[in-house]
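What follows is each chain in one-letter form.
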Amino acid sequence: MAEFRLPINSRIKKGKHFDAPNDATNVRRYVIYRYDPDLDKNPRMDTFDIDMDNCGPMVLDVLIKIKNEIDPTLTFRRSCREGICGSCSMNINGSNTLACTISASSIIGNTKIYPLPHMPVIKDLVPDLTHFYEQYASIKPWLQNKSLPPENSERIQSKEDQEKIDDPAACILCACCSTSCPSYWWNSDRYLGPAALLASYRWLVDSRDDAKNERLDEIEDSFRLYRCHTIMNCTNTCPKGLNPAEAIANTKKMLIERHT
């Protein structure tokens, strides 16, 4: 399995070029990272000239058109097409984002598409997220409450308490934030990363959860939490407009207040 780390242009060879139809007048060029571990020793960049008059408006539509009509071996993840599932996260012109939410016409010049950076590449635009999901599972992302729920009722929250979890609960685990973080690039074996820490914060501020101290004990570590240096890449790249950096800062504040 190849390891993709930006920038590595010097290691990637030039690949195939697929021309648009001769009568196409609205042509855009897409340069796409390709790697098949069963066939390729090194990755390459294939170039596709696409007739945008016969293509959907989003970058994901372009990828689907390429796969359906030009090169069926192109591999990428996709599902909802609505920015909800996070499946089509990738690096587009240097930014981690969702291909289904980026308009092709919003990009000036050629479009370069890579898998999420600093992740093992399974094939083409598909990164291996096994470790990422293991880190998410490690923060125990479920309600922990030792008391029984009220009989014939839910655990009730006030509107104010519910609003505290609105944003962190909106995370779709696309991994755009964690794979944009230099601290995560170099320490992903020990640093939980913005996505997992945002998920942790979601439960730390949930008024229905009574495992706050245990959760804080689990992440109070020089690497698991404090390897964050507030670079803000995570917040700047989040396709849902969330703020993992603020959540991490608030988690650190909780620990300070607990020790004072």
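In this text, all values refer to a predicted model and were calculated from it rather than measured experimentally. (Residues numbered from 1 in each chain as written. Predicted model: local features only at pLDDT ≥ 70, side-chain atom pairs only at ≥ 80, totals over all residues. Heavy atoms only, no water.)

Considering the overall build of the protein chain
Here comes step 1: Within the protein chain, the secondary structure is distributed over eight helices and nine strands.
Here comes step 2: Expressed along its principal axes, the backbone C-alpha trace of the protein chain runs to roughly 70 × 40 × 30 Å.
Here comes step 3: By residue count, 47% of the 260 residues in the protein chain fall in the buried class.
Here comes step 4: Within the protein chain, contacts between residues at least 6 apart in sequence are counted, and of these 66% link residues at least 24 apart.
Here comes step 5: Of the roughly 13,500 Å² of accessible surface on the protein chain, a fraction of 48% belongs to carbon and sulfur atoms.
Here comes step 6: Taking the average place of the 33 positive charges on the side chains of the protein chain and the average place of its 35 negative ones, the gap between the two points comes to 5 Å. (Helix = DSSP H or I, 4+ residues; strand = E, 2+ residues; numbered from the N terminus. Buried < 20%, exposed > 50% of the residue type's maximum accessible area, 1.4 Å probe, protein only. Contact = heavy atoms within 4.5 Å. Areas by Shrake-Rupley, 256 points an atom, 1.4 Å probe, with all protein chains shown as cover. Lys, Arg positive; Asp, Glu negative; His and termini not counted. Charge placed at Lys NZ, Arg CZ, Asp CG, Glu CD.)

Here we look at helix 1 (residues 59-70)
Here comes step 1: With 12 residues, helix 1 should cover 16 Å at 1.5 Å per step; its first-to-last C-alpha distance of 15 Å lies within 8% of that length.
Here comes step 2: Restricting attention to buried positions, one finds in helix 1 the residues Val 59, Leu 60, Asp 61, Val 62, Leu 63, Ile 64, Lys 65 and Ile 66.
Here comes step 3: Residues of helix 1 that are buried make contact with strand 3 (27-34), strand 4 (44-51), strand 5 (89-92) and strand 7 (111-114). (Expected span 1.5 Å × (residues − 1).)

Looking at the pattern of salt bridges
Here comes step 1: This model, assessed by the stated rule, comprises 16 salt bridges.
Here comes step 2: The shortest N-O distance in the salt bridge between Lys 123 and Asp 36 comes to 3.9 Å. With Lys 123 in strand 8 (residues 119-123) and Asp 36 in the loop between strand 3 and strand 4, the pair connects residues that are 87 residues apart, well separated along the chain.
Here comes step 3: Salt-bridge contacts for Arg 258 lead to Asp 217; the nearest nitrogen and oxygen are separated by 2.8 Å. Of this pair, Arg 258 sits in helix 8 (residues 244-258) while Asp 217 sits in helix 6 (residues 212-219), and the two are 41 residues apart along the sequence. (Salt bridge = Lys/Arg side-chain N within 4 Å of Asp/Glu carboxyl O.)

A short note on the environment of Cys 85
Here comes step 1: The topology assignment puts Cys 85 in the loop between helix 1 and strand 5.
Here comes step 2: Sequence separation between Cys 85 and Leu 173 is 88 residues, and the spatial gap between their C-alpha atoms is 8.1 Å.

Comments concerning the packing of aromatic side chains
Here comes step 1: Under the defined criterion, the tally for this structure stands at five aromatic pairs.
Here comes step 2: Look at Phe 132 and Tyr 133: their rings are 5.5 Å apart centre to centre, the planes differ by 65°, and that puts the pair in the edge-to-face class.
Here comes step 3: Exposure remark for Phe 132: the relative accessible area of 4% places this residue in the buried category.
Here comes step 4: Between Trp 185 and Trp 186 the ring centres are 6.1 Å apart and the planes differ by 85°, which places this aromatic pair in the edge-to-face class.
Here comes step 5: The class of Trp 185 is partly exposed, set by a relative accessible area of 22%. (Phe/Tyr/Trp six-rings, centres within 6.5 Å; stacked < 30°, edge-to-face > 60°.)

Things to note about the nonpolar core
Here comes step 1: Counting 68 residues, the largest nonpolar core has Ile 32, Leu 63, Met 90 and Ile 113 as the members making the most contacts within it.
Here comes step 2: In terms of residue count, the dominant contributor to this core is helix 5 (residues 193-204) (eight residues).
Here comes step 3: Among all residues touching Ile 32, those that are not within four sequence positions of it are Arg 44, Met 45, Asp 46, Phe 48, Leu 63, Ile 66, Leu 74, Ile 113 and Leu 125. (Core = buried A, V, L, I, M, F, W, Y, C linked by side-chain atoms within 4.5 Å.)

Focus: the packing of helix 5 against helix 8
Here comes step 1: Two elements in contact, helix 5 and helix 8, have axes separated by 9 Å at closest approach and are oriented at 55°. What the angle tells us is that helix 5 and helix 8 run oblique. Along this stretch, helix 5 crosses helix 8, giving a crossing that reads as left-handed. Contact residues: helix 5 offers Pro 194, Leu 197, Leu 198, Tyr 201 and Leu 204, while helix 8 offers Pro 244, Ala 247, Ile 248, Asn 250, Thr 251 and Met 254. (Axes fitted to C-alpha atoms, helices over the stretch in contact; angles between N-to-C directions. Parallel < 35°, antiparallel > 145°, perpendicular 65-115°, else oblique. Left-handed = near helix turned anticlockwise from the far one by under 90°.)

A closer look at the sheet that holds strand 7
Here comes step 1: Taken together, six strands build an open sheet; the order of strands is 2-4-3-7-5-6 and the sheet is mixed. Both outer strands of the open sheet, strand 2 (13-18) and strand 6 (95-98), are each paired with one neighbouring strand and no more. Across the sheet, the axes of successive neighbouring strands diverge by a mean angle of 30°, strand direction being ignored.
Here comes step 2: Docked against the sheet, helix 1 engages strand 2, strand 3, strand 4, strand 5 and strand 7, running at close to 95° with respect to strand 4. (Pairing = 2+ DSSP bridges.)

Examining the pairing of strand 6
In regular strands, side chains alternate between the two faces of the sheet.
Here comes step 1: When strand 5 meets strand 6, the two strands line up antiparallel, connected through four bridges. Within the sheet, the bridge partner assigned to Asn 91 lies in strand 6 and is Asn 96.
Here comes step 2: Following strand 5, the chain reverses through two residues before pairing antiparallel with strand 6; Asn 93 in that reversal takes a positive phi of roughly 50°.

Shape descriptors only; they carry no functional weight alone.
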